[in-house]
Amino acid sequence: MPFRRAVRVLAAAALSVWTVLAPASRAAAASPTGASAVVFAYDRFGEDQNPSISIRIDQFEAHLDELTDGEYRVLPLPTILEALRTGKPLPDRTVAITINEASRSAYTEAWPRLKAAGLPFTLFVATDAVDRGSPAHMTWTEIRQLAAAGVTIGALGTSTQSMLARSPDQAAADLRRMSDRFQTELGRRPTVFAYPQGEYSLAVRQLVMDQGFAAAFGQQSGVLHPQADPWGLPRFVMNETYGSADRFELAANALPLPVSDLTPDDPLVTVNPPPLGFTIADGVGDSSKLACFAAGQGRTALERIAEDRVEVRIKDAFPPGRARVNCTLPTADGRWRWLGVQFLIPE
């Protein structure tokens, strides 16, 4: 089935830089070698007063229509992670759906639609709001109902606040307390984790590893592949501003841009602007067409240190908070390879 839109807009993952894409045919696209999967992240649904963390219902329904048109395989997240771990192949255009926070609207709006569409998903639960009986969140009874229906239940920490705001001892204690609450309420400890607000450092990543999680997800855009860091996996975040049908379809068709020797290795940077560099894996196509975009700055200059080594020359220092750089590479069949890097800039 050909693409329904002749011209696409490349939303460089929450950046204001847009690139017009040429038309392409799905039917003509060769299946890429190796296993990969796109993971989408949602928070709330139909909460128009919270557009930065909520998706409109009509947007979400358009996403589900796209995913059920026969071109995609929506699989449970544990199935995808196991395939990547063991080297088992995945179908082309494999997709996973994740929802953060266990909000009330996820229960009343998203779950009925996902259930009707027959699409599996993962719910990442922040335990404190559920324990408090917050009316904006699900109850443990409702979370058990979803788990009994086959929904994967993962962990989002004790709250939705960044773990970087806590000392290492506090963060470790929160992870243990959260895991204990899962054991008490669901009879098992979680094995997949989503960093609150997508924020983590090497130290936080180590705490999550030490707690025994098999995988952890940020909120940088990109595509899962076997060489990706299991405790720093990407997701495409969907909200009202960046939830258009064009951007969703573009992301759903994305391919990985595997790199190694990524610098700096810690997302919590000490030099600003960060000296971003990486080595591109063999077999990704014509790397001379690589383009990178820095949040608030647009397209960046690139310097090739060697045939496969690229350094991204970010012009200006980022303001305190989260900052992202997204790199894309077009393929011969009209799809895009995608690498997203998130930095955390201290005050």
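Before going into details, it helps to say that this report is about the structure given with it.

Parameters and conventions
Residues numbered from 1 in each chain as written. Predicted model: local features only at pLDDT ≥ 70, side-chain atom pairs only at ≥ 80, totals over all residues. Heavy atoms only, no water. Helix = DSSP H or I, 4+ residues; strand = E, 2+ residues; numbered from the N terminus. Buried < 20%, exposed > 50% of the residue type's maximum accessible area, 1.4 Å probe, protein only. Contact = heavy atoms within 4.5 Å. Pairing = 2+ DSSP bridges. Axes fitted to C-alpha atoms, helices over the stretch in contact; angles between N-to-C directions. Core = buried A, V, L, I, M, F, W, Y, C linked by side-chain atoms within 4.5 Å. Disulfide = S-S within 2.5 Å. Phe/Tyr/Trp six-rings, centres within 6.5 Å; stacked < 30°, edge-to-face > 60°.

**Points about the side chain of Thr152**
Part 1 of the reasoning: Inspection of the secondary structure puts Thr152 in strand S9 (residues 152-155).
Part 2 of the reasoning: Here Thr152 falls in the buried class, since its relative accessible area comes to 17%.
Part 3 of the reasoning: Contacts of Thr152, omitting those with residues within four sequence positions, involve Pro78, Phe121, Thr122 and Leu123.

**Some thoughts on the sheet that holds strand S15 (residues 276-280)**
Part 1 of the reasoning: Strand order in this open sheet of 4 strands is S14-S15-S19-S18, and the pairing throughout is antiparallel. With partners counted over all chains shown, the strands left at the sheet margins are strand S14 (259-263) and strand S18 (301-304), one partner each. On average, adjacent strands in this sheet sit at an angle of 25° to one another, irrespective of strand direction.

**A look at the nonpolar core**
Part 1 of the reasoning: Ranked by size, the top nonpolar core spans 59 residues in total, and within it Phe40, Tyr42, Leu123, Ile143 and Phe193 carry the most contacts.
Part 2 of the reasoning: Among the elements that line this core, the one with the most residues is helix H6 (residues 168-186), at 6 residues.
Part 3 of the reasoning: The residues contacting Tyr42, other than those within four sequence positions of it, are Ile55, Phe60, His63, Ile97, Thr98, Ile99, Asn100, Met238 and Phe248.

**Examining the sheet that holds strand S16 (residues 291-294)**
Part 1 of the reasoning: On the basis of which strands lie adjacent, the open sheet formed by 5 strands has the order S13-S21-S20-S16-S17 and mixed pairing. What marks the edges here is a single partner per strand, and that holds for strand S13 (255-256) and strand S17 (298-299).
Part 2 of the reasoning: Strand direction decides the pairing type here: strand S20 (residues 321-330) and strand S21 (residues 336-345), joined by 10 bridges, are antiparallel. Looking at S21, one finds that Gly321 is bridged to Ile345.

**Focus on the state of the cysteines**
Part 1 of the reasoning: Taken as a whole and assessed by the stated rule, the structure comprises 1 disulfide.
Part 2 of the reasoning: Through a disulfide, Cys292 is tied to Cys327; the S-S separation comes to 2.1 Å. The sign of the 110° torsion about the S-S bond sets the Cys292-Cys327 disulfide as right-handed. Taken together, the residues span a long stretch of sequence, with Cys292 in strand S16 and Cys327 in strand S20 at a distance of 35 residues. No difference in accessibility class separates Cys292 from Cys327, as the two residues are buried.

**Re the packing of aromatic side chains**
Part 1 of the reasoning: The tally for this structure, following the rule as stated, stands at 12 aromatic pairs.
Part 2 of the reasoning: Centroid distance Phe45 to Phe60: 4.8 Å. Interplanar angle 65°. Geometry classified as edge-to-face. Of this pair, Phe45 sits in strand S4 (residues 44-45) while Phe60 sits in helix H1 (residues 57-67); the two residues are 15 residues apart in sequence, bridging distant segments of the chain. Comparing Phe45 with Phe60 shows no difference in burial state: the two are buried.

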